Every structure is written in C-alpha cells, then in structure tokens.
Amino acid sequence: MALLINNVVLILYTSIIVFPSSSAFLQPLFKEQPLAVSPDSTRWVFENNLDNKYAITSTLFKEVALHLRMHTDSNGSRASCPPFLMRRNENEPMMIEFNCNDLESALSCDYLSACTGSRKSNEGKIGGWEMEDLGGNQDEHGYNQDVHSFQAKRLDWKEDVLNATNTIIFNSAGSYISSTLAATSLAALHGLDGASAGVCMNLYVTPAMVKTSAPPHTDKQDVVVVQTQGRKRWRVYSPPDSSFDSELDPFKRGKGTDSLTLEMLERENSELLLDVTLYPGDTLFVPARFPHTTDTLDCYDNEDDIGRSFEKEDWSMHLTVGLDSHVWNLNYISMRTLALRSHGIHDVLLQQTAHNFDRNMDMCVGRVNQLSNDLREGLYSSVDDTMLSFHSKNDRSSPKSTQSMEKLASNLLSFHDRTNLECGFREDEAQSLTFDQCLQTVNHFQYVGQKIANSHQDMYVAAVKEEQMRVNEEGGWARNVGNSMPDERARRLSIFRVPLYFQEMDMCREELRAWGDFLGTHENISPMILVGDQVESVFPTNLCREVDGEHPFNSAKVIKISSDGMLYDLQYFNGVVQKGVQEYYLRGPHGIGIYI
C-alpha cells in the first residue's frame, strides 16, 4: 500500500515486496556500433541464479525503477519525483543484512580504505562537508616502514573503527567487500535494469549519540538508504531555489566551501519533507539535489535507554546505494552541452569565464540556475531506463527501442529550444540544433552508457567470483598475513582489483568528452585529470622503499594543477604532499567521488 503525503511517498508492507535524414556523416551511430552487451558476465549471473538468490534486493530496486518511471513526465522531466520511506515489518526478513560482525570480518579478510567527514573552518567561517582519509596502522610520520605501503594502510577494527567519534564511510563498499555486498550490488543493478548507468554502494558507520553525523548537503546521485543496524535520524528537504545564488551547484550544496545550514534552506524556500528515524530493515529513497542531514542523538529516547551504555551493536550502520546516472553524465544537460559542442553551435548557457574550459559536460552553475523551475528541472533530469538494459533481447535496433531513442532526442531538442527562448537568443537556421543531431547524441550516450553499465556488472561479478574462490580455498588466506603475500594472491585484493574497473569507466566518460570536442569515437583516450580526482602515483622515494625493483603505486588526491596543465600536486593517504608530479607518473583518474 502506498500513501502520498506532502509530496512524500510512504510505502507500507507486511511481506516480501512485490510492487505492483542527414548526411552519411551524421547518421545515427547505432548503425555503426553494435549494442554494447556484456555476454560473459550476464551469462554467468543467470547460470549461478544470483538474481533469484537475492530476490528481495532485486525486487526492492525494481520498485525504485518503477518509482522513477511513474514520476517521469512525458517531456522527460523528473521534477515531480519525491522521496519515499519504506518501513519494515519486524516479522519479515531484512532487505539487506550487514552488521558490525560482518564489517569486522571484512576488515580482517581484505585491505579496505575508509574516510571520515567533518566541517572545515576557514578564517573563522565554517565550510561545507569534506572527507578525510581514515588512518590505518601507521607510525607518527604516517608510514609504517616494516610493511608494504598497502599493508600500512590496513584498517584495524579496534583502533580505527571502535575509537571513531563520528561517521566512518567505506566508499564503494559494494565492490570492495565481496562476501555479501558485491552480490547485493549486482542484484540492485539488475533490479534497476537500466534505470541507472551503474550503482555504487557505500557503507556508513556512526556511533550512537552523535549530534550531527552529516550536516545539510545535497548529492549528485539518487540514493537508496537501507538501515542494517542501529538507528539513525534523517531529515530530508525539497531542493532549494537555485536562483538565490546561481553560482552554487545544486548537486554539491553543503560541500567544499559551501556551508549549507537549516536557516539557509528555509531562506531558499526549501521545505522539510521527512523527519524520520530509520530502524534495521527500513529503506529511504532520496532523489539527487534533495538536501538531507542525519544524526544519532535522540534515536534511543525510550525510558529503558536512559543512562544506558551503548555497545557496538547499537551503532548505526546503513548502506547507501547511489544511482550514478548523473555521475556518468547520463542526463539532459550533459547531452545538450555535448550536442552543441560537437556540432559547433553556440551555447547560450556558457559564460565566458575561465572555469568553462575544463571540458566538464555538466557545469550546473550560472545561467542554467536562472531558468524557470520547470525547464531547469528538466535539464537536470537523468534519462529514463529505455536507454540501457542488461537483456540482449532489448536490441536498440528494434522498432520499440528506436521509438524510445527518438523520444529522448525530441525531449532534448525541446529543452534546447526552450532554453534559447527563455534566454532571448535566436539561432541562425544554418547554425541551429537539429533533430538528427540530437538523435546522434542520444545514441552515442546510449552506446557509452551501456559500456559503463556493463563495467559495473563485470566489477561486481569479479568480486563474487573472488569470494567463491576464497570459500573454495577455505577462506582466511588474507588474515594476519604479516609482511609478505604471494604476488598472485596480492593482486586479487580489492585494492588492486577494483580501481581497474573504475579506470575503465572513467575512460568511457572521457570518450563522451572527447566525442564532444571531436565528432566521432576515439580509441586510447587519456582521461582528463581534474582537481579533486583520485589517482595513483609512485610514492615519494624517501617514504617508501622499492618492492621487487619497482616503486609501488599508492592512492592520492589531486590538490592543484599547474596553469599549463603539465604538473600536479598530490596529497597521499597519510597527509604527505608531493608537488610537481608529471602525468607520466600517474594512473587514473579513478573513483567516482564521495557522498553521504
């Protein structure tokens, strides 16, 4: 049973959920490029019956996909898509099971990285939500000379987790923790069946009685939150009016230097939609750009809880499954930007400032935030799930698929024409965007988007296969390994396995950017590295000794790029800063960012 209350969908259930022509040069690309399917991974999933084994998870995300479809207007806009809350009946099984014992086991079996969130102060002003890497077993200089660098970063359950005073975030836990979360992520991906180009499951661990575990902020992803242990309070608000400050990206409010407060939300006409405490098994859906804040302060306010001491079992643990369509630029504003750029057509939304030349496809600042609400919401909408699928029978050369692509192209052209009209710009007929050009853009986004979706599937299948190998090897081979590990086993660790898939996905995103600059597809494209990206680099030689004659690569964050784009300043996981690194010594970028 579903109830619509104050623009919030509340779903109640008592059992397992079942919810209800141009020149030849400009011909649509699907005639040149076959459907980018991933047959080996797809076949393996069905042969091992994974979707049925995780039927509850798959069904949950089928409902999420249905929710998105039901709130997609005929013009492609998802402006009316609200959050929803799903309460679990205590007599029914958990949607997803993962508790402190599972995390402790995962830490002992693999090398996982994590971070904590905090609000930084700059010259007396409190900034937005920022992430800092969580230490690992390091000395006072931030490095352990007795073990390899990846072992030095290994997190300790007691020292790093149980001593935490605020939220610990395990980003991309669904791909790194193979025991349970990889198969769950795969079931979520298949349940959505194209409603998102990929899913990224993060794990959040918060002690009880934390006043603010995450300050008000927005995310670039639609997120599905599943509480698996303890309790957490969530307050969800409607999107603020972007016209109050058009230079603030509505997908990144409350992050970096942007301090977003509850008072600011009220001033910017953002309304409280939900104020709920999640219990184990409860599920919450929060669309992208909807501000939210969390805490665990008053979650245990019963008389029986007064004066009690809180154990690890009382800590809040929840999984956030991000629907990453916006991360991979599968939305109308990115398609419009690249359609105009690739055909040399004037973009009225671009301002002649320096930050327009970083080749980003989704610059959500400036004039776009001054458009009418309906048009702006449409441009910020992700494309619907007719574009992607994991079922090869959904051939995009079929009449139904062709019709869907034409509909997306028609929506794209309509959004573009309305944008020019509102901005008072009249295109020259010889330099105006055409339907055929929009269709070509849609088909290229579909082609690349399907490759990104397939990479997600391959990544999760590889993790599940790895877990099966560990079980066959009687498990525990990664526990207490000391100072050495055979190379063939070390390479199977998630810290080496997973980044390769994210690098592959980043290459796909760069393929879109390059296509926008040079019409057509390109092979062997080097991804652009931007400030804030995660890369891998040779660690400074005075801090890390060679292993087998080679310097090991370690994760780092790009904190500055020289004006000519040739040199990079990096900050490593232990806080060490290395300046002036040439791109030759870098791998990446990879990773898809951090969100709460």
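Residues numbered from 1 in each chain as written. Predicted model: local features only at pLDDT ≥ 70, side-chain atom pairs only at ≥ 80, totals over all residues. Heavy atoms only, no water.

Caption draft 1: Layout of the sheet that holds strand β13 (residues 292-295). As summarised here, the arrangement of the 4 strands in space is β8-β13-β10-β11, forming an open sheet in which the pairing is antiparallel. Edge positions in the open sheet fall to β8 (214-217) and β11 (272-278), since each of these has one partner strand only. In this sheet, adjacent strand axes meet at a mean angle of 10° when their direction is disregarded. Judged from the 2 bridges that link them, β8 and β13 form a sheet pairing that is antiparallel. Residue pairing for β13: A214 is matched across the bridge by T294. (Pairing = 2+ DSSP bridges. Helix = DSSP H or I, 4+ residues; strand = E, 2+ residues; numbered from the N terminus. Axes fitted to C-alpha atoms, helices over the stretch in contact; angles between N-to-C directions.)

Caption draft 2: Spatial organisation of the environment of M507. Note that M507 resides in helix α15 (residues 494-517). Overall, M507 belongs to the partly exposed group, its relative accessible area being 28%. In this structure the C-alpha to C-alpha distance between M507 and V448, which are 59 residues apart in sequence, comes to 9.9 Å. (Buried < 20%, exposed > 50% of the residue type's maximum accessible area, 1.4 Å probe, protein only.)

Caption draft 3: Local environment of the confidence of the model for the chain. With 71% of its residues at a pLDDT of 70 or more, the chain has an overall mean of 77. Confidence, expressed as mean pLDDT per element, reaches its minimum in the chain at strand β1 (residues 2-5) with 40 and its maximum at strand β10 (residues 232-237) with 97. With pLDDT under 50 throughout, residues 1-9 is counted as low confidence; its partners more than four residues away or in other chains account for 22 contacts. Low pLDDT (under 50) marks residues 11-37, which in the prediction has 64 contacts with non-local residues, meaning those over four places away or in another chain. (pLDDT = per-residue confidence, 0-100. Contact = heavy atoms within 4.5 Å.)

Caption draft 4: Region of interest: the nonpolar core. Ranked by internal contacts, the top residues of the largest apolar core, which has 95 residues, are L103, F170, L203, V224 and M387. The element that contributes the greatest number of residues to this core is helix α13 (residues 435-472), accounting for 11 residues. Residues within four places of V224 in sequence aside, it is in contact with L60, F61, V64, T283, L284, F285, L319, T320, V321 and L323. Within the second largest apolar cluster, 12 residues are counted, among which are V276, L278, L284 and V286. (Core = buried A, V, L, I, M, F, W, Y, C linked by side-chain atoms within 4.5 Å.)

Caption draft 5: Spatial organisation of the packing of aromatic side chains. Summed over all chains, the structure comprises 3 aromatic pairs. Here F84 and F285 contribute two aromatic rings whose centre-to-centre distance is 5.4 Å and whose plane-to-plane angle is 20°, an arrangement assigned as stacked. In this pair, F84 is assigned in strand β3 (residues 84-87) and F285 in strand β12 (residues 283-286), connecting sequence segments 201 residues apart. Taking relative accessible area as the criterion, F285 reaches 0% and is therefore assigned buried. Between F251 and Y380 the ring centres are 5.4 Å apart and the planes differ by 75°, which places this aromatic pair in the edge-to-face class. You can see F251 sitting in the loop between β10 and α9 (262-267) and its partner Y380 sitting in the loop between α11 (373-379) and α12 (399-422), a full 129 residues away along the chain. The two residues F251 and Y380 agree in class, both being buried. In this arrangement the basic side chain of R289 is found over the ring face of F251, its NZ or CZ atom lying 5.6 Å from the centre. (Phe/Tyr/Trp six-rings, centres within 6.5 Å; stacked < 30°, edge-to-face > 60°. Lys NZ or Arg CZ within 6 Å of the ring centre and 35° of its normal.)

Caption draft 6: Main features of the pattern of salt bridges. Tallied over the entire structure, the rule returns 13 salt bridges. Its salt-bridge partner being E104, residue K312 comes within 3.7 Å of it at the nearest N-O pair. On the criterion of sequence distance, the pair formed by K312 in the loop between β13 and β14 (316-323) and E104 in helix α4 (residues 100-109) is long-range, its members being 208 residues apart. Through salt bridges with shared partners, one network takes in R233, R235, D275 and D295. (Salt bridge = Lys/Arg side-chain N within 4 Å of Asp/Glu carboxyl O.)

Caption draft 7: Representation of unusual backbone geometry in the model. Its identity is not glycine, yet D193 carries a phi of approximately 45°, on the positive side. Note on placement: D193 falls in the loop between α8 (181-192) and β7 (199-206). With a phi angle near 65°, M209 is a residue other than glycine that sits in the positive phi range. Tracing the sequence through the fold places M209 in the loop between β7 and β8. Among the residues examined, M209 registers a relative accessible area of 40% and is labelled partly exposed.

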